[in-house]
Amino acid sequence: MYGYEIGMITRGGFRVTPREQVEKRVAAFLDTCRRHGVKATHQRTEILRELAGSEEHPDAETILGRVRRRVPAISVDTVYRTLRLLEDKGVIARVGSMRDRARFDANTDRHHHFVCTECGMIGDFYSDAMDRFPVPREVSEMGSVEGVYVELRGICRKCKQKAMKTEGRTGE
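Residues numbered from 1 in each chain as written. Predicted model: local features only at pLDDT ≥ 70, side-chain atom pairs only at ≥ 80, totals over all residues. Heavy atoms only, no water.

**Q** Hey, could you go over helix H4 (residues 76–88) for me, with residue numbers and the actual values?
**A** Spanning 13 residues, H4 covers 18 Å between terminal C-alpha atoms, matching the ideal 18 Å at 1.5 Å per step. Taken together, the buried positions of H4 are Thr 78, Val 79, Thr 82, Leu 83, Leu 85 and Leu 86. Buried residues of H4, seen end-on, are gathered within an arc of 165° and therefore sit on one face of the element. (Helix = DSSP H or I, 4+ residues; strand = E, 2+ residues; numbered from the N terminus. Expected span 1.5 Å × (residues − 1). Buried < 20%, exposed > 50% of the residue type's maximum accessible area, 1.4 Å probe, protein only. Arc of directions from axis to C-beta.)

**Q** Describe unusual backbone geometry, with residues and values.
**A** One non-glycine residue, His 57, adopts positive backbone phi at about 55°. The residue His 57 is located in the loop between helix H2 (42–52) and helix H3 (60–68) in this model.

**Q** Describe the sheet that holds strand E6 (residues 122–125), naming the residues involved and giving the relevant values.
**A** Taking strand neighbours across the sheet as the criterion, the 3 strands line up as E6-E5-E7 in an open arrangement whose pairing is mixed. Edge positions in the open sheet fall to E6 and strand E7 (151–154), since each of these has one partner strand only. Each strand of the sheet is rotated relative to its neighbour by a mean of 25°, with strand direction disregarded. Pairing of strand E5 (residues 112–116) with E6, which is carried by 4 bridges, proceeds in the antiparallel orientation. The residue bridging Phe 114 from the neighbouring strand is Gly 123, located in E6. (Pairing = 2+ DSSP bridges. Axes fitted to C-alpha atoms, helices over the stretch in contact; angles between N-to-C directions.)

**Q** Before we move on, could you go through the nonpolar core and cite the residues and values that matter?
**A** Core analysis: the biggest nonpolar cluster contains 23 residues, and Leu 48, Val 79, Leu 83 and Ile 92 have the highest contact counts within it. Other than its neighbours up to four places away in sequence, Val 79 contacts Ile 47, Ala 60, Ile 63, Leu 64 and Ile 74. (Core = buried A, V, L, I, M, F, W, Y, C linked by side-chain atoms within 4.5 Å. Contact = heavy atoms within 4.5 Å.)

**Q** I'd like a description of the pairing of E5, backed by residues and values.
**A** Burial runs high along E5: 4 of the 5 residues are buried. In textbook terms, the turn of a hairpin is the stretch between consecutive antiparallel strands, and for E5 and E6 this stretch comprises 5 residues, one of which, Gly 120, has a positive phi near 85°. The sheet contact formed by E5 and E7 spans 4 bridges and is parallel. Bridge pairing in E7 places His 113 opposite Glu 151.

**Q** Lay out a nonpolar patch on the surface in plain terms, naming residues and giving numbers.
**A** A contiguous nonpolar patch, built from Val 135, Val 139, Met 142 and Val 145 and spanning about 350 Å² of accessible area, is present on the exposed surface. Along the polypeptide, Val 145 turns up in the loop between helix H6 (137–142) and E7. Accessibility expressed as a relative area gives 39% for Val 145, which makes it partly exposed. (Patch = residues over 30% accessible without salt bridge, like charges linked within 9 Å, V, L, I, M, F, W, Y side chains within 5 Å. Areas by Shrake-Rupley, 256 points an atom, 1.4 Å probe, with all protein chains shown as cover. Salt bridge = Lys/Arg side-chain N within 4 Å of Asp/Glu carboxyl O.)

**Q** Describe the environment of Val 71, listing the residues and the values that go with them.
**A** With respect to the helices and strands, the residue Val 71 is situated in the loop between H3 and H4. Residues Val 71 and Ile 47, 24 residues apart in the sequence, show an inter-C-alpha distance of 9.7 Å. Among residues more than four places away in sequence, those in contact with Val 71 are His 42, Gln 43 and Glu 46.

Here is the structure:
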């Protein structure tokens, strides 16, 4: 129902979010800035625009490289500070393992992630059943749950196909 394979736009081999969705996220960012008295600078907006336009959950270095194509003077520090600010304001979310480099997601709609344990690909998926996941009593005793975030880990289709091709060569 929510597959990204059908009709997905690609840019440089990466899946990208349709322009209207990107602009919706940028507008939400600008509104958040106004409500919180935060300056919506050109650099901050371009950082969010880059993140919102990607379905790959990029890390800060990837965002920096792409934004530098449009804003050559942007600094590493500006990218990290902006990502931290956007996360603090709820405009983006940090995703993936805490051991890995931080990766970010501009999709703040309720959704979950599939993480490939081979290549690190992170894909969004939506599931009403997981949204209604019953909170175990032990967790309720620790405090109140404000949301459920599910991260499924496995091997993505591309890595599985690559492994099957490799096995086919070595099994001959």
